[in-house]
Amino acid sequence: MADMMLMKDIEDTADRLGIDLSQVDFDAIRLPPGEDFGIISDDEEVLQEESLEFDSGFGNIIVVDNLPVVPPEKFEKLEGVVRKIFGQIGVIKDDGLWMPVDPSTQKTLGYCFIEYGTPQEAELAKEKTDGYKLDRAHIFTVNMFEDFDRFMKVPDEWAPPEINPYTPGENLQQWLTDEKARDQFVIRSGSDTEVFWNDARHLKPEPVYKRPFWTESFVQWSSLGTYLATVHRQGAAVWGGASTFNRLMRFAHQQVKLIDFSPGEKYLVTYSSHEPSNPRDANRIVINIFDVRTGKVMRDFKGSPDDFSTGGTGGVAGLSWPVFRWGGGKEDKYFARIGKNVISVYETETFSLIDKKSLKVENVMDFCWSPTDPIIALFVPELGGGNQPARVSLVQIPSKEELRQKNLFSVSDCKMYWQSNGDYLAVKVDRYTKTKKSTYTGFELFRIKERDIPIEVLELENKNDKIIAFAWEPKGHRFAVIHGDNPRPDISFYSMRSTHNSGRVSKLATLKGKQANALFWSPAGRFILLAGLKGFNGQLEFYNVDELETMATAEHFMATDIEWDPTGRYVATAVTSVHEMENGFNIWSFNGKLLYRILKDHFFQFAWRPRPPSFLTPEKEEEIAKNLKKYSKKYEAEDQDVSMLLSEQEREKRRMLKEEWEKWLNEWKRLHEEEKLLRQKLRDGEASDEEEEYEAKEVEVEEILDVTEEVLSDDFDQE
């Protein structure tokens, strides 16, 4: 559009000056040196982009200062000591160690340059050896060679920083003010990334933004939906805006593989793993924590996979992702990671350990934060061959006070599940039988908000049933469990409230023999989608837990992903490129009505845009729920208008089809009439086209198919 406007300005100016543009050779025009008249060419813009991506090429060189000053006869010994210290960290290149010498005294100058095979090894060497104490008089100071350019550019005299005038930015929450109260989603297919409105009323998606090659691996919404992050070889970027998606910030991190937003989306965590130059060395892992608004690195962590994989499984090559788990609710006050016999808890005010030390927990295996409160639930397996039982503990942060502990015996495995409001914690415990040959499963249910945090034990009617899936009702008091053996397990629903409100868990219902292996609660609670993925080929059952009844059953063949929209009004099922056929997604209503289906070749990703929490109080939400009819009148009228519009569109579509049919029929009749004489001639003069007016007669026709001559021998006559 901008190019069209610019060309129109040029044409208007040419008309005013009496210049015939058709006679102008634009390629022959040359601007004065250093002058662009405010027009930046595409090539210059690319060069500006590239200049931000590439470094000066000296990233693998470090400078080591505070070395001993030695004469020539001790030079070889000092070089050997330096090689021994720095060669343990990475491979020093041939001729990669240079120790300058004073020409007048022939003594060393007290510093050296070391060149490694990769920048990652150089960074690790700087991190490990800066402050290394060779002896009492020589403590190393290590810097990256590239840093000296930055140091040399520091002016000798201080000058106050230039204050830029304030310019208001775009409203990054503009999408929340949509008059139709629609939600957005992003998809990736082929090389394109597209953002749509879910226009369920008109039974189709409405395009918002489309961009080819927007990311090199995947995209990810921030926790509250403000930003869309893209991932590239040079790092990550976040995008947002009122009417389109503008780049708001870039985060430099070479070969980044994974990203994670904090719950309040103040921080972005990036992860990369680099191959070492020496095959015998371990991979080099780098994790950066950025401030999303400023792009500043608040803290970085570097090391080998062993430094980050203790206590967890999954993720990338055995690494548990996210490595850092956030606590303290949406304020992003704390983050923590598990290590060998410790849980390291950091606070974001200084990005340092709380009390400058980690929480020591012998043999800790797993931990998880409460979604709303600074409380950690941690699991410790049995020790000493069962002499010391396994346990689950609740620890308050930052005081590190233990709020509650439960010892568990004969434990083979344990999984912890928090309810979304932090009201309850379910601990699924797999225990060995007395013979140790098999296991059975039970649940320890913690009531976090009640006095002294009471714990209740729940065992299924058949203790030997295998637990296939567990899920809490969001913002509610119920949970669902899939249990039993394939191919038709059972699904049971429980409530943390009994009928007499006695504070005991109660069973609501059990659905027998369902083709389901996954549970997807609506974010608003009440409704749940019972799904059969993988081996069940996309069986879907939409269930109302309030009424304990099935609303609809359906199928999305080969479905790989299921995701509710943030309001709980709609749910998406998708078939990604894991399968070669039927790639695309379906949008359903909460009660199981298929609204529309979109097929996309090479379909990779579908993600709803999250919504921030409501500003309404629970009392106000309850009041709206009670008076829903009053509030819904406006939307019912709008729905009726849309329904009438859709009906009119459907009628118009049928009318056009009818007109096309009649047009084709009339054309056929015209051709039929034109060919009447030809048909009569082919019938030997018979005039009628009506088959009923002719009498069918059977006529026998003899036809010689073949004639064969055979000469018979007359030898018998000679006898």
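Residues numbered from 1 in each chain as written. Predicted model: local features only at pLDDT ≥ 70, side-chain atom pairs only at ≥ 80, totals over all residues. Heavy atoms only, no water.

As recorded in an unreviewed UniProt entry, the protein chain goes by the name Eukaryotic translation initiation factor 3 subunit B, listed as coming from Cucurbita maxima. In the Subcellular location (unreviewed entry) part of its UniProt record, the protein chain is described as follows: "Cytoplasm". The Subunit (unreviewed entry) field of the UniProt record for the protein chain holds the comment "Component of the eukaryotic translation initiation factor 3 (eIF-3) complex." (UniProt positions renumbered as here; feature names shortened; annotations may be inferred.)

Quick word on a nonpolar patch on the surface
A cluster of nonpolar residues, Trp661, Trp664 and Trp668, forms a patch on the protein surface that exposes about 420 Å² of accessible area. In this fold, Trp661 is placed in helix 8 (residues 628–674). (Patch = residues over 30% accessible without salt bridge, like charges linked within 9 Å, V, L, I, M, F, W, Y side chains within 5 Å. Areas by Shrake-Rupley, 256 points an atom, 1.4 Å probe, with all protein chains shown as cover. Salt bridge = Lys/Arg side-chain N within 4 Å of Asp/Glu carboxyl O. Helix = DSSP H or I, 4+ residues; strand = E, 2+ residues; numbered from the N terminus.)

Some remarks on the nonpolar core
Core analysis: the biggest nonpolar cluster contains 21 residues, and Ile62, Val64, Val82, Phe86, Cys112, Ile114 and Tyr116 have the highest contact counts within it. Looking at this core, the elements with two or more residues in it are strand 1 (61–65), helix 3 (75–87), strand 2 (92–98), strand 3 (111–116), helix 4 (119–129) and strand 6 (141–144). By residue number, the principal contributor to this core is helix 3, which donates 4 residues. Dropping the residues within four chain positions of it, Ile62 is found in contact with Phe86, Cys112, Phe113, Ile114, Tyr116, Ala122, Ala125, Val142, Asn143, Met144 and Phe145. Core analysis: the next-biggest nonpolar cluster, separate from the first, contains 18 residues, Ala377, Met416, Leu425 and Val429 among them. (Core = buried A, V, L, I, M, F, W, Y, C linked by side-chain atoms within 4.5 Å. Buried < 20%, exposed > 50% of the residue type's maximum accessible area, 1.4 Å probe, protein only. Contact = heavy atoms within 4.5 Å.)

Considering the confidence of the model for the protein chain
Looking at the protein chain, pLDDT values average 85 and 87% of them are 70 or higher. Model confidence for the protein chain, summarised as mean pLDDT per element, is weakest for helix 2 (residues 42–53) at 40 and strongest for strand 10 (residues 219–221) at 97. Ignoring residues within four places in sequence, the model shows residues 1–5, a span with pLDDT below 50, making 0 contacts including any to other chains. Low pLDDT, under 50, characterises residues 40–56; the predicted model gives this stretch 9 contacts beyond four residues in sequence or across chains. (pLDDT = per-residue confidence, 0-100.)

With respect to the sheet that holds strand 39 (residues 561–564)
Read from one edge to the other, the open sheet built from 4 strands follows the order 39-40-41-42, with strand pairing classed as antiparallel. At either end of the open sheet lies a strand with only one pairing partner, and these are strand 39 and strand 42 (594–599). In this sheet, adjacent strand axes meet at a mean angle of 15° when their direction is disregarded. (Pairing = 2+ DSSP bridges. Axes fitted to C-alpha atoms, helices over the stretch in contact; angles between N-to-C directions.)

A look at the sheet that holds strand 23 (residues 366–369)
Strand order in this open sheet of 4 strands is 23-24-25-26, and the pairing throughout is antiparallel. Strands at the two margins of the open sheet, each flanked by one partner only, are strand 23 and strand 26 (401–408). Sheet twist, expressed as the mean angle between neighbouring strand axes with direction ignored, is 15°. As paired elements, strand 25 (residues 390–396) and strand 26 share 7 bridges and run antiparallel to each other. In the sheet register, Ala390 faces strand 26, and the bridge partner there is Leu408.

Focus on the packing of aromatic side chains
Across all of its chains, the model carries 43 aromatic pairs by this definition. Ring geometry for Trp98 versus Phe113: centroids 5.4 Å apart, planes at 20°, classification stacked. Of this pair, Trp98 sits in strand 2 while Phe113 sits in strand 3, and the two are 15 residues apart along the sequence. Its relative accessible area of 19% is what places Phe113 among the buried residues. With centroids separated by 6.3 Å and ring planes inclined at 55°, the aromatic side chains of Trp221 and Phe245 adopt a geometry described as tilted. Of the two residues, Trp221 sits in strand 10 while Phe245 sits in the loop between strand 12 (235–240) and strand 13 (246–252), which places them 24 residues apart along the sequence. (Phe/Tyr/Trp six-rings, centres within 6.5 Å; stacked < 30°, edge-to-face > 60°.)

Some details on the state of the cysteines
Per the stated rule, a full pass over the model turns up 0 disulfides. In this structure Cys368 is not part of a disulfide, and its nearest cysteine sulfur, from Cys414, lies 9.1 Å away. (Disulfide = S-S within 2.5 Å.)

A look at the pattern of salt bridges
Taken as a whole and assessed by the stated rule, the structure comprises 37 salt bridges. One salt bridge in this structure joins Lys93 and Glu115, with 3.5 Å as the shortest N-O distance. Residue Lys93 is located in strand 2, and its partner Glu115 is located in strand 3; the two are separated by 22 residues in the primary sequence. Across the pair Lys512 and Asp490 runs a salt bridge, and its minimum N-O distance is 3.5 Å. You can see Lys512 sitting in the loop between strand 34 (506–511) and strand 35 (518–521) and its partner Asp490 sitting in strand 33 (residues 490–495), a full 22 residues away along the chain. The exposure class of Lys512 is exposed, given its relative accessible area of 60%. Asp490 gets classed as buried once you look at its relative accessible area, which sits at 15%.

Describing unusual backbone geometry
A cis amide bond, omega 5°, links Trp321 with the succeeding residue Pro322. Assignment of secondary structure puts Pro322 in the loop between helix 6 (305–309) and strand 18 (325–327). The residue after Ile397, namely Pro398, is reached through a cis peptide bond having omega 10°. Position of Pro398 relative to the elements: it lies in the loop between strand 25 and strand 26. Its identity as a non-glycine residue notwithstanding, Asn66 has a phi of 70°, on the positive side. Residue position: Asn66 is located in the loop between strand 1 and helix 3. Since its relative accessible area comes to 35%, Asn66 is described here as partly exposed. Residue Ile453 is not a glycine yet carries a positive backbone phi of 50°. Relative to the elements of secondary structure, Ile453 occurs in the loop between strand 29 (439–447) and strand 30 (455–459).

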